[in-house]
Every structure is written in C-alpha cells, then in structure tokens.
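# Summary of structural features
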Amino acid sequence: MRAGPAASVVLLIAPIRCELDGIPLRFAMRNSPVARIWPLPVSRGRQYPCGFADRGTGMRSRSWQSFASAACFLLWVASALQGQVTIDVNWNRAERVLATTPTLQVVVNPPLRRGTPVHDNAFAALHDLGADYVRYVPWLPYPKLGVAELEPPAAGKTSWDFSLIDPMTIDFLEATKGHSVILNFSTVPQWMYKTDKPVVYPADPDQVTWNYEQGTELRDPSGQEVADYFARLLAWYTQGGFTDELGKRHESGYRYAIPYWEVLNEPDFEHHISPETYTRLYDAIVESFKRQHIETKFVGLALAMPSLVPGYFEYFLDPKNHKPGIPLDFISYHFYASPTPDQTPEVQQYTFFAQADGFLNVVRYIEAIRKRLSPETRTTVDEIGAISADDSEQGEPGHQAKPIPNSYWSLTGAMYAYLFADLARQGIDVAGESQLVGYPTQFPSVSMVDWRDGKQNPRFWVLKLLKDNFAPGDRMVELAGDLFSRSPLIYAMPVMTREGRKRVLLVNKRDRSIEVSLAGAAGGVVEFADQTTGFGPPARASVEGDKLTLNGYAVAVVTLR
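Owing to the predicted nature of the structure, the values given are computational and were not obtained by experimental measurement.

## Digging into the pattern of salt bridges
Across all of its chains, the model carries 24 salt bridges by this definition. Linked by salt bridges that have partners in common, R135, E262, D382 and E383 make up one network.

Written out as structure tokens, the structure reads:
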C-alpha cells in the first residue's frame, strides 16, 4: 500500500505484514499494547531515527520507547515515501578509497558487423566512452562469428578461419586502443566434446542458434587440446600468428596488447562444468599461454549464478587446488535482475532493486571467501543488467519480441548506478554493465544502444555519467546516521575527488519525483540522466538552493561549490 497518514495509523494498530511503497515491514505485539517494528531492536543507549533513545530504565520505559520508536520510524518512512529526503554527509570522515571502475561488455552479434546501421554509431560511442576493463565476448549463438576452428583437423588440413571474426574484433580493439580490455572467446569448438553425432551450425553467420554447445565430457580429458586452441587464437592477435596442430604457420600481422584473458563463460551453465574440471582447464590454459610466451593476466570463473555455486569459489580460490605458479589475478561473476511474466513496469521497480540487494549480500559472502583464501585476487562483476521475462522465451518457435517501455531503460540504468555505488563500498574492482548491443533474438532488454541505429540509450548514458565523475583514487566519505535513518528510496554515495571536489551520486529508486535536501548544494552543479533526458546525453544545471528534485529513476551527480 502507498504511504499516507491514514495508512500509518492502520499499520500502527494492526500486527500484520504490510508494505509501504514496496518496503516490507513486519509488526508484532511485544512488551507493549501497541504494534512495534520488528526486527528493530531496543537496546541500551540506542539512538532511534527521531532522537529517542532507550536508556534501559525498565520494562515500562522500554515499552514506551518501543512505541515511540515505532511511531517515529513510521513517520520518517511516510515522510520519505511522500517525497522528502535529507542527505547528511560527514565530509571529514573517509570510509575508503574508491577502487571500482565502471565499464561494460561487448557481446558479438550481427548488428555490430561492418555495414550495418548500428556499427559506426556503436563503435564510436565505445571509443568516445574511453572505459577500461571493457569485456569482449564472442559467444555461442553465432558460431561462425566466435569459433575460429569449427571442424577438427582432417585429411592433412585444419579449418582455422578468422575471416568473419577479425573485422568485428579488430574494430573493437581499435575502438578501445589505449585502454585495458578483457577478451573472452568463450565458446569451445564443439568437436572437442564427446557427442553422439557431430554438432551442426548454421551456414549463415547471422543466424542465431541455441544448440551449438553440447556435451559435458572433453575428448581430451586433460584439457590440453582446448588450452592449445585458445593459445593459438590469442597468438593470432598478439604475436602475428601461430603454428597449427599440423605444423603449418598462419600469419596475421596483428600485435595487439591484450592485458586480460577470461577463461570460459558461465561454466555453471555452459557444459555444466564442475569446479574441479574448470580449475584443471584454467591451469592448462594458463600454462599453454606461458609456453607461447603470451603476456597477459587471467580472469577466472565468470559464473552465471554465484549464489547457487559457492563451491566454485571455495575450490578455485584455494591455491592448493592449482598447479604451482598458476596466478589467480581476477575472479568474475554476473548478475541480472529478472521479473516474472505477470509483473507490470510499475511493479518491476520493486523487484529489480530487491533482487539487487540480494545480489549485494551474495557479494559480501563471496568477498569473505576471497579474502580468506586468496586476498590478492581482484574481482570484476563483468555482467550487470536485467533480462526481461519476454527475453527468456526468445528461443521458442515463432516468438515475437514485445515492445520495451522507455521507462525500463531508465530503471535499469538507475539499478546499475546503485549496484556500482554499493560494489564500490565493498571494494569490488570492476563493475561491468551488460551489454553494448542486444537485439531481438539476442536479449534486447540488455542493450545499451538502440539496436536499429546504434544510438545510446539511458543505460549507456548512466555509465558515461559515472565514468566521467568518479574514478579510482577518489575518497568515499561517510553518510551521517545509520540504516534506520537513511532513505530507502534515494541512494547516496558522497566522495571527495582526487582534485578535492565534494561530489555526491544520487539514485532515485522509484518512478516518481522525490525532493532531496543536500547541505552545501546551493551554487553547485548537477548532472543527471532520467526519463526526461531519455535517449539523449545527461543534462546539466545549476543548483539554486540546498534542495533539488530528482525525477523518476534519476541518476544525478551533484558537485558542490
């Protein structure tokens, strides 16, 4: 139910579970004849949001404080939900140095091929963004665009062929030149897996297929065949070419610097690889690269559902499960919010941010494992986005993609900004938004550009806003108060930049305008992306006073004078 004075009265006298603007509140009759918020604890000396404190003076006092705290808290929540939020910052108290880089991934698909209406605009946007740690993923739906050896060696010949793969890959490497990239040619040639019969693939490189990956057992259980395939593939781009399985030299002339190579993609889904098998494959690939004298660092895991497979982290991050000298430079994993088919756009705002909160709790557990087993290993969450319920049915025969409302792009942009900020508070190294181009048959709901012309949508502009205003080395500073005294609807991340500027990221988690009070904002500048800026770049305005209004799903950066 929506907040309002009448609703607050009803909630106070009724020991039931209710929701205020999507925020669940449980009530129980406890030590008091009136309802008390649960699990808000009453403890000695605790200061509550409206200034009441329990001094531990006995049952009667505690019962009164329970009532006063509950009533006060509800009035505060109602005030926040009605559109009044105050952000208090302790500028003299630093929390940590910001270490998180905002970036994105580029997944190979036909709209990014040369000559399409999307190609030039999309790659120009990528170039102008100038992001680091950009992830590049030729992936299984388009075998001819992502697998360089589609057939096994036979009759004294190999099938190595980069003619369809090179154009897009070179365009990517040129667009990101001068910045770090993570390459992940994620799909193993299917003839390297045991299957009942050879796996077929479309003759048309633009034809999507979801059946290319088959089998769970490699024909070479040591993984060496797979490792050598990937070493030759990367040598094509870094060492001018390679010598194939039959001793023939293939020249490319390319000598790009590839600082990071990610080993496979979502092994918990693709081929259902166990942690033990994945770790053996990872070690074999690292050793094969070293034998080829390929200079790169490695990213491991790339898990689809990290909350369901904690054993991957426990096994892979334990150095004793690897061969001596194998580096554990990075781990990676993914998050996508996903609504159910019956959820309207109005409901999805609650679903997406609730699922984001659940993921952030998963990150905390993963971080505890990482710090215990391999504290020097860094982390990239290199796929962050949302997948619509309609996209989940895209492989069904005759499926027709449903229109995506414009508000969706701003909602998912706001969710990414929220996740970036909280991942930064946890010290995660890289937060990668997914993905540059999606389109019907290939997850259109994750796209960061219009798949018809390559023009940036709000998700891209939010990334640019973050990238242009926050950088590793900034100092994150403390918000005043605690969890109970901060707005559940406006997320704030204050920083002191390396240049000494006071700057605050504000994220509106609701599809309505909310007034924010920020001391010292008067005379400053606000840059923002929301539903009013739409598919255009972020807007910029002067801040006249200490109050400003954030439109629905706004992502705003306020730089104080």
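Moving on, there is more to tell.
## Points about the packing of helix α3 (residues 119–129) against helix α11 (residues 458–469)
Interhelical geometry of α3 versus α11 gives an angle of 15° and a closest axis separation of 11 Å. Between α3 and α11, the crossing angle belongs to the class labelled roughly parallel. For α3 against α11, the interelement crossing comes out left-handed. Contact residues: α3 offers A125, D128 and L129, while α11 offers F460, L463, K464 and K467. Looking at the contact of α3 with α11 residue by residue, the classes come out as four nonpolar, no polar and three charged.

## Some remarks on the packing of aromatic side chains
Evaluation of the coordinates by the stated rule reveals 37 aromatic pairs. Centroid distance W139 to F443: 6.4 Å. Interplanar angle 40°. Geometry classified as tilted. Linking W139 in the loop between β9 (134–137) and α4 (143–146) with F443 in the loop between β17 (430–434) and α11, this pair joins segments that are 304 residues apart in sequence. Given a relative accessible area of 15%, W139 falls into the buried group. For K509, the ring lying beneath its charged end belongs to Y418, and the centroid distance is 4.4 Å.

## With respect to helix α7 (residues 275–291)
For α7, built from 17 residues, the straight-helix expectation of 24 Å at 1.5 Å per residue is met to within 8% by its first-to-last C-alpha distance of 24 Å. Looking only at α7, the buried set comprises P275, Y278, T279, L281, Y282, D283, A284, I285, V286, S288 and F289. Of the surrounding elements, those touching the buried residues of α7 are α6 (224–238), β13 (260–262), β14 (297–303) and α8 (310–316). At the exit of α7 stands H293, carrying a positive phi of roughly 60°.

## Regarding the sheet that holds strand β20 (residues 502–508)
Two pairing modes exist for strands in a sheet, parallel and antiparallel, and in both the strands are linked by backbone hydrogen bonds. One open sheet holds the seven strands; their spatial order is β7-β18-β19-β20-β25-β22-β23, and the pairing between them is antiparallel. The open sheet has two free edges, formed respectively by β7 (89–97) and β23 (539–542), since each of these has just one partner strand. Strand-to-strand, the axes of this sheet are offset by a mean angle of 30°, without reference to chain direction. Across five bridges, the pairing between strand β22 (residues 525–529) and strand β25 (residues 555–559) is antiparallel. From the neighbouring strand, A529 faces β25, where its bridge partner is V555. Helix-sheet contacts for helix α10 (residues 406–425) involve β7, β18 (475–479), β19 (490–496), β20 and β25, and the interaxial angle to β19 is about 50°. In the packing of α11 onto the sheet, the strands contacted are β20, β22 and β25, and the crossing angle to β22 comes to about 150°.

## Here we look at a nonpolar patch on the surface
Residues F269, M305 and L308 make up a contiguous nonpolar surface patch of about 310 Å² in total accessible area. Following the sequence through the fold, F269 ends up in the loop between β13 and α7. The class for F269 is partly exposed, based on a relative accessible area of 46%.

## Focus on the side chain of N184
Among the structural elements, N184 can be located in the loop between β10 (181–183) and α6. Classification of N184 as buried rests on a relative accessible area of 0%.

## Some words on the nonpolar core
Membership of the largest hydrophobic core comes to 127 residues, with the highest contact counts inside it found for F172, L183, F230, W261, Y333 and M493. Excluding residues within four positions of it along the chain, W261 makes contact with L183, F185, F230, L233, L234, I285, F289, T296, K297, F298 and V299. Counting 25 residues, the second largest nonpolar core, distinct from the first, contains I87, I490, V526 and A556.

## Digging into the environment of K320
Here K320 is to be found in the loop between α8 and β15 (330–337). Residues K320 and L373 lie 53 residues apart in sequence; the distance between their C-alpha atoms is 9.9 Å. At 2.4 Å, the side chain of K320 forms a polar contact with the side chain of D318.

## Describing the pairing of β15
Most of β15 is tucked away, with seven of its eight residues classed as buried. Regarding the hand of the β-α-β motif, the stretch spanning β14, α8 and β15 is right-handed. Since β15 and strand β16 (residues 378–386) lie parallel, the crossover through helix α9 (residues 345–373) that links them has a hand, and here it is right-handed.

## Considerations on unusual backbone geometry
At the junction of S434 and Q435, the peptide bond is cis and its omega measures out at -5° in the coordinates. Positive phi, normally seen in glycine, also occurs at A155, with a value near 55°. On the secondary structure map, A155 appears in the loop between α4 and α5 (166–175). Since its relative accessible area comes to 81%, A155 is described here as exposed. For L301, which is not glycine, the phi dihedral falls at a positive 85°. Within the element layout of this structure, L301 appears in strand β14.

Parameters and conventions
- Residues numbered from 1 in each chain as written.
- Predicted model: local features only at pLDDT ≥ 70, side-chain atom pairs only at ≥ 80, totals over all residues.
- Heavy atoms only, no water.
- Salt bridge = Lys/Arg side-chain N within 4 Å of Asp/Glu carboxyl O.
- Axes fitted to C-alpha atoms, helices over the stretch in contact; angles between N-to-C directions.
- Helix = DSSP H or I, 4+ residues; strand = E, 2+ residues; numbered from the N terminus.
- Parallel < 35°, antiparallel > 145°, perpendicular 65-115°, else oblique.
- Left-handed = near helix turned anticlockwise from the far one by under 90°.
- Contact = heavy atoms within 4.5 Å.
- Nonpolar A, V, L, I, M, F, W, Y, C, P; charged D, E, K, R; others polar.
- Phe/Tyr/Trp six-rings, centres within 6.5 Å; stacked < 30°, edge-to-face > 60°.
- Buried < 20%, exposed > 50% of the residue type's maximum accessible area, 1.4 Å probe, protein only.
- Lys NZ or Arg CZ within 6 Å of the ring centre and 35° of its normal.
- Expected span 1.5 Å × (residues − 1).
- Pairing = 2+ DSSP bridges.
- Patch = residues over 30% accessible without salt bridge, like charges linked within 9 Å, V, L, I, M, F, W, Y side chains within 5 Å.
- Areas by Shrake-Rupley, 256 points an atom, 1.4 Å probe, with all protein chains shown as cover.
- Core = buried A, V, L, I, M, F, W, Y, C linked by side-chain atoms within 4.5 Å.
- Polar contact = N/O pair within 3.5 Å; in protein donor to acceptor, adjacent residues only side chain to side chain.
- Right-handed = clockwise from strand over helix to strand, strands pointing away.

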